[in-house]
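Structural characterization, general
Chain residues, written in single-letter form:
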Amino acid sequence: MYACQYTRRKWLKAAAATTAWMGSSGFSPAAAAPATTVSVARCPDYGPDLVPTLDRMFDQLGGLGRLVAGKTVAAKINLTGAPSYRLGYYPCEDTHYTHPKVIGAVCYLMARAGARRIRLLESPWSTADSVEEYLLQANWEPRDILNSAPNVEFENTNFLANAKKYSRLNVPHGGLMFPAFDLNHSYADCDVFVSLAKMKEHATAGVTLSMKNCFGMTPATIYGTGAGIDEPSILPKGGRTIVHAGNRQPSKSAPGELHPESPRVDYYRVPRTIVDLVSARPIDLAVVEAVRTMTGGEGPWVREKLTRVEPGVIVAGTNCVNVDAVCMSVMGFDPMADRGAPPFEVCDSTLRLAEDVGLGTRDLKRIEIAGARIEDVRFDFAGLRRQRRAAKKETAG
Amino acid sequence: MISDRTPLLWPEAWKAPTTLDLLNGTVINCIATTNKAVAARAAESGLQVIEPHVPPPGVSILEGAIAGIKLDRFGSSAAVSAGPTGEPWVNSNVWPVRLARARKPENTVWIRTQPPANTGGAAFPYSVMIADSALTGAKWMIALDDPLARAIGEGKPAALATWKKITSTAAYFAYRSHLNGYEPEAVIGIVSDFATSSEHEVLNLVTRSGQQYRVIPQERLTPMSLAGLRAVLAPALEPPPAPVQARLLEFATAGGLLINAAPWADVHGSAPSKETHPRFTVVALGQGMIAQPKQPMRDPYVLANDAAILVSHRHDLLRFWNAGAISAYYSSSPDRQRAAVQMVFYSNRPAEDVALRIAGNYRTATISTPDAPAPARLQTEQQDGAIEVHLPAVAQYAAIELEA
């Protein structure tokens, strides 16, 4: 478990400085943050009902055609952790990877809606090998996804890959942590960007939903354990320690941190970096699936009581903050929660920070829900979290 | 030739011939010692006595590594040393044993390695040494660190318990020597004279990558040695002799994939392949393909990993989940009706929730370990051309035996 060396006083000082800076830079208050329709659907399994369910959800959002017809679509999927890690004996897709059936169904529907090219993006753990080879190690059949629609392809975005240079994506609001990112070209060379995420809790960020999924856009060659000092390394190695711990700056070729004096604490750094990332590369469509998923953390390596569960729900929308707010409510958490309240007991709320910079509202009163009512699909991650923590306390006591 | 001997490097601390009584009821039937009194008494008892540095007929002795996860020492603490991917670095004798057996199949291989200076009396490092050697049919010449040997000699209960564990582990392997007659299952053959440390490191790293391979010394290369392989890797930075080249090109022309660590002159494919790779040019050659490096592949890690990718994980014979640092060896009986997957786990904590996909069509699977030697039936999940098995918690070694 991470031991926090940063005092509360220092933290508050840093947070206040950030707020003051945001005020001086003319940010709109949270009240003006966009509110859109979010679709919620019950989907008990990955069987034949999956495609019609997603089809209906996209219709509730105004139809995919207006978004993707004639466009190059890039979709960030979630394949966190090495493919050789499972929760118990369960396949990765049943617990912490975006399910291949969901990926295939979304590709199919986007192609049917006229997408010209569909590029599936992920930065797989510590490798420059192709995503297809990574999937094979997870016991997936990449052809099932590649054949779900014409012109589907994968790209490993954990390094430069076949591009000549990294693409610089600026953070329009100036940035909370970074003013801009150097990313694999795929995040710039697309007309539409989709976050295709799994609904989970997260050890560092409280929850991982459509926004946290985008943390994996950062190439480890610049932001990872083995990143080059001056220039990006050729091959990626390890996780994104630079962003988590702030123990050093990214490769000098990429923009450095805005506030090197800010806390070197992942609970502070990760949520802010996520907000910067989804500001730099806006999400046009967010799909968060929890047909099957896990409670207790984002992957089998988290030291918590982890359980595979079947909430049987999918949430989708065109505003990532709105979607994540609805997801939190589906999970039994209050999307208006700030640091100190579950699931942000020790970290800052990515949703709050995103709302503050005007990306979208997390206020459910302003978000229109289409499809199922939240109460009808709620799966009580929050209750299970309370039980786990109470049991832990009891054991410790 | 399969040896039924289980050798012990006689500890210097065991000076009295009466210490031979410690071998009663164990499978140790051969000792290596220069202690004349002990040697005489041992010979009277029917034990084979050998000189420590003179291999008996039919045996090749290798100076091996201390098998296990490599630790970096920082003062009084120890940290795990990481390999190129950040995973723990493992020292293992698997590749030297496989190379020695490939070079001299008629010989049994013994590993002579002293254990770490002080194992703290724990059985774990000994279990790893025995299992790592036995995985591919070798025997570790059991060797005790001095403090443990003295404590055993003095009859201290904890030390005797460790001794019992060591000898019971050795017994498990002595009674399961039928697996040593199985032939390796492989997707890739590695063909070379294995004259340089770079080629040795490729063998080491292909082992670590989890690929199932066949070691083929080029002096023993025949068309039969390549039978059933999808690919061949030529890891030498100098092209092999012309007859070897010709045989490997024949393999590719007939439908295989030939991967070279250095470009071979005068090899021209018939057409560019659809396969692309950042470090290799892949061209079609007859019905197969040849992958020529754009630059000589001087980094054994990159070469070993690239070879796995060029072959593709699609053809993995074994896929592990939750196994941690592991060596695995998949082999089949000559009639191919039975097969075995043997595994060494290098962590000192039991491996839990390990799942394994084994390519092949099998009806039944059983598991045995040194702690539970009686084969126990495993549930199998049939997949397309493979089965998946879920292992119970296991310590350092497990063998899954399969029936078609």
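None of the values given here were measured: they were computed from a predicted structure.

Scored by pLDDT, chain B comes out at a mean of 92, with 94% of its residues at no less than 70. In the predicted assembly, ipTM is 0.90 and pTM is 0.91.

In terms of nonpolar packing, the biggest core is built from 115 residues, with Leu144, Ile259, Met343, Phe345, Ile358 and Ile400 of chain B touching the most fellow members. Considering each element in turn, this core owes the most residues, seven residues, to helix H5 (residues 157–174) of chain B. Ranked by size, the runner-up nonpolar core spans 66 residues in total, among them Phe178, Val278, Ile283 and Ala290 of chain A.

For the rest of this paragraph, the subject is the interface of chain B and chain A. Taken together, the 24 residues of chain B in the interface contact 20 residues of chain A. Carbon and sulfur atoms supply 43% of the area that chain B and chain A bury against each other, a total of about 1,800 Å² over both sides. Contact with chain A buries area across many residues of chain B, yet Arg314, Trp321 and Asn322 of chain B alone supply 34% of it, more than any other trio. Residues glutamate 388 of chain B and arginine 86 of chain A are paired through a salt bridge, measuring 2.8 Å at the closest nitrogen-oxygen approach. Linking chain B with chain A are 15 residue pairs in polar contact (both at pLDDT 80 or more). Counting residues per element, the ones that place at least two in the side of chain B that touches chain A are helix H8 (300–311), strand E19 (318–321), strand E22 (355–359) and strand E26 (386–390) of chain B. The biggest single contributor to the side of chain B that touches chain A is E19 of chain B, with three residues. Its residues assigned to classes, the side of chain B that touches chain A shows eight nonpolar, nine polar and seven charged.

Let us look at the sheet that holds strand E4 (residues 59–63) of chain B. All names here are of chain B. Within the open sheet, the three strands sit side by side as E4-E9-E10. Their pairing is parallel. Sheet topology places E4 and strand E10 (139–140) at the edges, where each strand pairs with a single neighbour. Looking at chain direction, strand E9 (residues 108–112) and E10 are connected through two bridges and run parallel. Bridging from a neighbouring strand, tryptophan 110 pairs with lysine 139 of E10.

The tally for this structure, following the rule as stated, stands at 41 salt bridges over all chains. Among the ionic pairs, arginine 362 of chain A bridges to aspartate 338 of chain A, the shortest N-O distance being 3.4 Å. Taken together, the residues span a long stretch of sequence, with arginine 362 of chain A in the loop between helix H11 (350–356) and strand E14 (368–371) and aspartate 338 of chain A in the loop between helix H10 (320–330) and H11 at a distance of 24 residues. Taking the relative accessible area as the measure of exposure, aspartate 338 of chain A reaches 27% and is therefore partly exposed. With its nearest N and O atoms 2.7 Å apart, the salt bridge here joins aspartate 306 of chain B to arginine 279 of chain B. Remark: arginine 279 of chain B occurs in the loop between strand E16 (271–272) and strand E17 (280–285) and aspartate 306 of chain B occurs in helix H8; sequence separation between them is 27 residues. Take arginine 279 of chain B: its relative accessible area is 25%, and that puts it in the partly exposed class. Salt bridges linked by common partners bring Glu201, Glu304, Glu345, Arg385, Arg388, Arg389 and Lys392 of chain A together as one network.

Parameters and conventions
Along each chain, residue indices are assigned from 1 in the same order as the chain's sequence is written. Chain A is the first chain written and ligand 1 is the first ligand written, with later ones labelled in order. Where totals are concerned, whole chains, interfaces and linings use all residues; where local detail is concerned, this predicted model gives features only for residues with pLDDT of at least 70, and gives and counts side-chain atom pairs only at 80 or more. For the side-chain quantities, the full set of heavy atoms in the structure was used; hydrogens and water were omitted. Values of pLDDT, which run from 0 to 100, indicate the predictor's confidence residue by residue. Take the buried Ala, Val, Leu, Ile, Met, Phe, Trp, Tyr and Cys residues and link them wherever side-chain atoms come within 4.5 Å; each set so joined is a nonpolar core. When a residue's accessible area, from a 1.4 Å probe over protein chains only, is under 20% of the maximum for its type it is buried; when over 50% it is exposed; and in between it is partly exposed. Here a helix means four or more residues in a row that DSSP labels H or I, a strand means two or more in a row labelled E, and each is numbered from the N terminus. By definition, residues are in contact when any of their heavy atoms lie within 4.5 Å. Each of two parts loses accessible area, computed with a 1.4 Å probe, when they are put together; buried area is these two losses added. A pair is scored as a salt bridge if a Lys or Arg side-chain nitrogen falls within 4 Å of a carboxyl oxygen belonging to Asp or Glu. Two N or O atoms form a polar contact when they lie within 3.5 Å of each other; inside protein one atom must be a possible hydrogen donor and the other a possible acceptor, and for residues adjacent in sequence the pair counts only when both atoms belong to side chains. We call Asp, Glu, Lys and Arg charged. Ala, Val, Leu, Ile, Met, Phe, Trp, Tyr, Cys and Pro are nonpolar, and the rest, Gly among them, are polar. Following DSSP output, two strands are said to pair if at least two bridges run between them.

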